[in-house]
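# What the coordinates show
So the chains spell out like this:
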Amino acid sequence: MYDVIVIGGGPAGLSAAVQLRQRGRTVLVVSNPAPSNPLWRSERVDNYLGLPGLTGEQLLERFQKHAEDRGVVFQTGKALSAMELDGWMLTVGAEVVQARALVLAAGVARGAKYPGEQELLGRGVSYCATCDGMLYRNKSVVVVGRSADAPQEANYLAQIGCQVTYVSPQAPQGLREGIPWVKAHRLAVRGERSVEALEADGAALPCEGVFILRESVAPTDLIPGLETEEGFVKVNRRMETSVAGVFAAGDCTGRPLQIAKAVGEGLMAADSADAYLK
Amino acid sequence: MAVKHFNEAEFRAAAAQGGVMLVDFWADWCGPCRMLAPVMDKLAGLYEGRVTVGKVNVDEEPMLAQRYGVMSIPNVVILKDGKEVDRLVGVQPVRNFTEALDRVLR
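Residues numbered from 1 in each chain as written. Chains lettered and ligands numbered in written order. Predicted model: local features only at pLDDT ≥ 70, side-chain atom pairs only at ≥ 80, totals over all residues. Heavy atoms only, no water.

### Describing the sheet that holds strand 2 (residues 20-26) of chain B
All names here are of chain B. The strand order across the open sheet formed by five strands is 1-3-2-4-5, and the pairing between neighbours is mixed. In this open sheet, the two strands that pair with only one neighbour each are strand 1 (4-5) and strand 5 (83-89). Relative to strand 4 (residues 75-80), strand 2 runs antiparallel, the two sharing six bridges. The residue bridging Met-21 from the neighbouring strand is Leu-79, located in strand 4. Strand contacts of helix 2 (residues 31-46): strand 2, strand 3 (51-57) and strand 4, with the helix running at about 165° to strand 2, the strand carrying the most contacts. (Pairing = 2+ DSSP bridges. Helix = DSSP H or I, 4+ residues; strand = E, 2+ residues; numbered from the N terminus. Contact = heavy atoms within 4.5 Å. Axes fitted to C-alpha atoms, helices over the stretch in contact; angles between N-to-C directions.)

### Let's talk about the domain arrangement of chain A
Residue and element names in this part refer to chain A. Splitting chain A by domain gives domain 1 (2-110 + 216-277) and domain 2 (125-214). A separation of 29 Å is found between the C-alpha centroids of domain 1 and domain 2. Opposite the seven residues of domain 1 that make contact, domain 2 presents seven residues. The contact between domain 1 and domain 2 buries some 520 Å² in all, and 51% of this surface belongs to carbon and sulfur atoms. When the buried area of domain 1 at its contact with domain 2 is split by residue, Lys-78, Leu-80 and Ser-216 rank highest and sum to 58% of it. The interface formed by domain 1 and domain 2 includes one salt bridge. A salt bridge links Asp-149 to Lys-78; its shortest N-O distance comes to 3.4 Å. (Domains from an automatic or database assignment. Buried area = accessible area lost by both parts, 1.4 Å probe. Salt bridge = Lys/Arg side-chain N within 4 Å of Asp/Glu carboxyl O.)

### Looking at the packing of helix 1 (residues 11-22) of chain A against helix 2 (residues 56-69) of chain A
Residue and element names in this part refer to chain A. Across the interface, helix 1 lies against helix 2 with an axial gap of 9 Å and an inter-helix angle of 20°. Overall, the two elements helix 1 and helix 2 adopt an arrangement that is roughly parallel. For the element pair helix 1 and helix 2, the recorded crossing hand is left-handed. Facing Pro-11, Leu-14 and Val-18 of helix 1, the residues of helix 2 in contact are Leu-60, Phe-63, Gln-64, His-66 and Ala-67. (Parallel < 35°, antiparallel > 145°, perpendicular 65-115°, else oblique. Left-handed = near helix turned anticlockwise from the far one by under 90°.)

### Thoughts on the interface of chain B and chain A
On the chain A side, the residues contacting the 21 residues of chain B number 24 residues. In total, chain B and chain A occlude about 1,700 Å² of area from one another, counting both sides; carbon and sulfur atoms represent 70% of this. Summed over the three residues of chain B that lose the most area to chain A, namely Trp29(B), Met35(B) and Met71(B), the buried surface amounts to 42% of that side. The interface formed by chain B and chain A includes one salt bridge. The interface formed by chain B and chain A includes three residue pairs in polar contact (both at pLDDT 80 or more). (Polar contact = N/O pair within 3.5 Å; in protein donor to acceptor, adjacent residues only side chain to side chain.)

### With respect to the confidence of the model for chain B
Per-chain confidence: chain B averages 93 in pLDDT, with 99% of residues scoring 70 or above. Predicted complex, confidence summary: ipTM 0.77, pTM 0.85. (pLDDT = per-residue confidence, 0-100.)

### Some thoughts on the nonpolar core
In this structure, Leu157(A), Val164(A), Phe11(B), Phe25(B), Val58(B) and Ile73(B) are the most contacted members of the largest nonpolar core, which totals 39 residues. Contributing elements (two or more residues each) for this core: strand 8 (140-146), helix 4 (150-159), strand 9 (163-168) and strand 14 (209-214) of chain A together with helix 1 (8-16), strand 2, helix 3 (62-67) and strand 4 of chain B. Apart from the residues lying within four places of it in its own chain, the contact partners of Val58(B) are Leu135(A), Phe25(B), Trp26(B), Ala27(B), Trp29(B), Ala65(B), Val70(B) and Ile73(B). Within the second largest apolar cluster, 31 residues are counted, among which are Val6(A), Leu60(A), Ala270(A) and Leu277(A). (Core = buried A, V, L, I, M, F, W, Y, C linked by side-chain atoms within 4.5 Å. Buried < 20%, exposed > 50% of the residue type's maximum accessible area, 1.4 Å probe, protein only.)

Following this line, the structure appears as structure tokens:
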């Protein structure tokens, strides 16, 4: 059991993690691999005070090293679900981690839900190949690849015996040979009581399961009852969300989507989490 | 009262007895399912004598899982007199389960 789990390994999350260590708290940062961070691809950042002219990758590496040196523990993976029960439990892939408080700092969730996705969630729609894959052995499934690790998850499904079709707007990197790729932008999940097909740019791909793999699970799907405002997590000046023991910082709380703002909010969220734990 | 681990025959027998039953379809390779385990323990305690709380391992009982259309786990089915009356898919807070059970028991 950690004092705090920080979800997200960008500027906001790492700033919160460092500050929590400064306050003597144990911290686990759960995040995707650094290259998935949008900042990683930034060629030059000139508006972060005192460190002009670095690439996003260089900045992130410095932030990470700072956190590592302070004793922050890291776990690579996607936070899939969270539940409150004597603190918070969080599933990261197939593992369960626990903490007394949470800091949400997973950036902005990109992409709205597809038609039919919410209605058929749990009835053929899944967000986790390693969780539900086994239930689709010897069945046809479609993987909607919207994250860097989606091809690996598709390979896993093929390996355990699912008949996989991969759908994405761009050519996937690292998809196993023999898995057909369908290039499509406009998607919709179709089915009455359970999934019957994925409609990709108007063409129906018959299947029993649709695995929709995005970079991160939307905060509102992760934490039931979390309030949002214009698509962002609603927080007050102390970075408290509408759920006790859950704090948020960085891009997920709103504009401007800038490093300095994220780092500042990370510190405030950390201090509030620390106060909450006292 | 502890959570019961059902195989197919035990499941049938329990359902045939009537009353309210809450069944958690799970597997040990499923992280979210493990997270729900303490919730099931808690519910078994809270509703002792009123609800039979049980678990079905989908790897050991694939036919049972198929019959109940389990396509995503954790998958919690509430039965009354052997008939499905409600279903909660995915990890959810304890309150969602107590509300669902209270509706059925009313």
